Amino acid sequence: MSKKETKVEAELPEEIIGNETATEETVELSVEEQLSADLAQEKDKFLRLFAEFENYKRRTTKERIELFSTASQDVIKALLPVLDDFDRALLEMSKIEPTELSKGVELIKNKLSSTLEQKGLELVEVNSGDVFNADDHEAITQIPAPTDDMKGKIIDVIEKGYKLGDKVIRFPKVVIGN
């Protein structure tokens, strides 16, 4: 302290000096409160940013896994008509007596089917007489039901449906009774 400040303090009554000290403490407390409020605000920003980053990592990981699991979807969809052709060929070949050719075609079809199943392809099970559900089946046409109990049910399956993992890549095409 300089000599002038000491003289000023000596000349002032004690009440004024006490009030100045109280004011300085109030200013210091408000500065501390301000700093703690700033700290709390920065912590909140940090937590929100961290949570947002964690959500981003989780979302991109999920998208990457989904991409890898369905990466072969286009190739498998392109092979489905070939699988259908094998089924039709085997159906026609079953009308004649079995030959080495029909056995070879059946072996090739089974090999293709098992390879696609290893890649995650599953057949959607649909039978005649099942109840039609627009969420699970694709109705090609409606025909008069042969009996009353077949109304609203599947009469015939035109084309098989397939799933790749949990996703349906081709809905079964069916004929329903009206």
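Conventions used here
Residues numbered from 1 in each chain as written. Predicted model: local features only at pLDDT ≥ 70, side-chain atom pairs only at ≥ 80, totals over all residues. Heavy atoms only, no water. Salt bridge = Lys/Arg side-chain N within 4 Å of Asp/Glu carboxyl O. Helix = DSSP H or I, 4+ residues; strand = E, 2+ residues; numbered from the N terminus. Buried < 20%, exposed > 50% of the residue type's maximum accessible area, 1.4 Å probe, protein only. Patch = residues over 30% accessible without salt bridge, like charges linked within 9 Å, V, L, I, M, F, W, Y side chains within 5 Å. Areas by Shrake-Rupley, 256 points an atom, 1.4 Å probe, with all protein chains shown as cover. pLDDT = per-residue confidence, 0-100. Contact = heavy atoms within 4.5 Å. 1 Å grid on protein atoms, 1.4 Å probe; cavity = no way out; pocket = protein on both sides within 12 Å on 5 of 7 lines; lining within 4 Å. Points joined across faces, edges and corners; volume = space filled by probe spheres on them. Nonpolar A, V, L, I, M, F, W, Y, C, P; charged D, E, K, R; others polar. Pairing = 2+ DSSP bridges. Expected span 1.5 Å × (residues − 1). Arc of directions from axis to C-beta. Axes fitted to C-alpha atoms, helices over the stretch in contact; angles between N-to-C directions.

For the structure shown, the criterion picks out eleven salt bridges. Of the charged contacts, one joins D87 and K109 as a salt bridge, the two residues approaching to 3.1 Å between their closest N and O atoms. Placement of D87 in helix 3 (residues 73-93) and of K109 in helix 4 (residues 100-118) is noted, with a sequence separation of 22 residues between them. Of the charged contacts in the structure, one is a salt bridge between E159 and R170, with a shortest N-O distance of 3.7 Å. Here R170 lies in strand 5 (residues 167-170) and E159 lies in strand 3 (residues 154-159), a separation of eleven residues in the sequence. You can call R170 buried: its relative accessible area is 14%.

A separate point is a nonpolar patch on the surface. Taken together, the side chains of F46, L47 and F50 present a nonpolar region at the surface, about 340 Å² in accessible area. Along the chain, F50 falls in helix 2 (residues 14-69). When its relative accessible area of 45% is taken as the criterion, F50 is described as partly exposed.

Averaged over every residue, the pLDDT of the protein is 85; residues scoring 70 or more account for 83%. Here helix 1 (residues 3-11) stands out as the element of the protein with the lowest mean pLDDT, 47, in contrast to strand 6 (residues 173-177), whose mean of 94 is the highest. Overall, residues 1-10 carries pLDDT values under 50, and its contacts beyond four positions in sequence, including any with other chains, amount to three contacts.

You can see K153 is positioned in the loop between strand 2 (138-143) and strand 3. Distance in space between the C-alpha atoms of K153 and G177 is 5.7 Å, their sequence separation being 24 residues. Residue contacts for K153: discarding those within four places in its chain leaves G129, D130, V131, F132, V175, I176 and G177.

Before going further, it helps to spend a moment on the layout of surface pockets. Within this model, the largest pocket holds a volume of roughly 200 Å³. Secondary-structure elements contributing two or more residues to the lining of the largest pocket are helix 3 and strand 3. Taken together, the residues that form the lining of the largest pocket break down as three nonpolar, no polar and five charged.

Attention now moves to the pairing of strand 5. Of the pairings in the sheet, the one linking strand 4 (residues 161-164) to strand 5 comprises three bridges and is antiparallel in character. Along strand 5, the bridge assignment pairs Y162 with R170.

On to helix 4, then. Spanning 19 residues, helix 4 covers 27 Å between terminal C-alpha atoms, matching the ideal 27 Å at 1.5 Å per step. Taken residue by residue, helix 4 has S102, V105, K109, L112, S113 and L116 as its buried positions. Seen along its axis, helix 4 keeps its buried residues to an arc of 100 degrees; they face one direction. Turned more than 90 degrees from where helix 4 packs its buried face, E100, L107, K111 and Q118 sit exposed. G120 sits one or two residues past helix 4 and shows a positive phi near 105 degrees.

In this section: the sheet that holds strand 2. Taken in spatial order, the three strands of this open sheet run 2-6-3, and their pairing is mixed. Each edge of the open sheet carries a strand with a single partner, namely strand 2 and strand 3. Taking each pair of neighbouring strands and ignoring which way they run, the sheet shows an average axis angle of 25 degrees. Judged from the four bridges that link them, strand 3 and strand 6 form a sheet pairing that is antiparallel.

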